[in-house]
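Single-letter residue listing:
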Amino acid sequence: EELLALAETVKVLNDDDALDLFKKTLPSASSSFMQLKVTMAAQKAKALRMLREAAHQRRSPGLDLIALALNGKAVGFGKVIDMIDGMITNLRKDQEADDDKKAYCEG
């Protein structure tokens, strides 16, 4: 039964109608995909815009500092990522201290 189904499938796929349908679904030689080039400057500008928006919404001096560093010419993404990692570490320490203080006050 399975062999019969496979033979029938091969017969359908080898049919001229299937070939015509396949050719219609492929893009023609005149149409193609456009490849976009994303430069480091464009990525940096997008990251800077997102940081500024987040800093404005949250009124965060830390995010302002990171945006300022990214805006500078000498600082690259590596330094900014290190700054963000440092900020996350500090926020985790602050949260742990807040949790300890809360537990002390409730206890």
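Structural data are supplied above this passage.
Residues numbered from 1 in each chain as written. Predicted model: local features only at pLDDT ≥ 70, side-chain atom pairs only at ≥ 80, totals over all residues. Heavy atoms only, no water.

A. Summary view of the overall build of the protein chain. The helix and strand inventory of the protein chain stands at 5 helices and 0 strands. N-terminal to C-terminal, the α/β element order of the protein chain is α-α-α-α-α. Per-residue burial for the protein chain yields a buried fraction of 10% across its 107 residues. Counting only contacts in the protein chain whose residues sit at least 6 apart along the sequence, the fraction spanning at least 24 positions is 30%. Working note: accessible area of the protein chain is about 9800 Å², and carbon and sulfur atoms make up 59% of it. (Helix = DSSP H or I, 4+ residues; strand = E, 2+ residues; numbered from the N terminus. Buried < 20%, exposed > 50% of the residue type's maximum accessible area, 1.4 Å probe, protein only. Contact = heavy atoms within 4.5 Å. Areas by Shrake-Rupley, 256 points an atom, 1.4 Å probe, with all protein chains shown as cover.)

B. Spotlight on the pattern of salt bridges. Enumeration according to the criterion identifies 1 salt bridge in this entry. A salt bridge links arginine 49 to glutamate 53, with the shortest nitrogen-to-oxygen separation between them at 3.8 Å. Here arginine 49 pairs with glutamate 53, and both are found in helix H3 (residues 40-58), just 4 residues apart, close to one helical turn. You can call glutamate 53 partly exposed: its relative accessible area is 44%. (Salt bridge = Lys/Arg side-chain N within 4 Å of Asp/Glu carboxyl O.)

C. Region of interest: helix H4 (residues 61-71). All buried positions along H4 are accounted for by Leu63, Ile66, Ala67, Ala69 and Leu70. Taken down its axis, H4 places every buried residue within 160° of arc, on the same side. With respect to the buried face of H4, the exposed residues turned more than 90 degrees away are Pro61 and Leu68. (Arc of directions from axis to C-beta.)

Function cannot be read off these values alone, since they describe shape.
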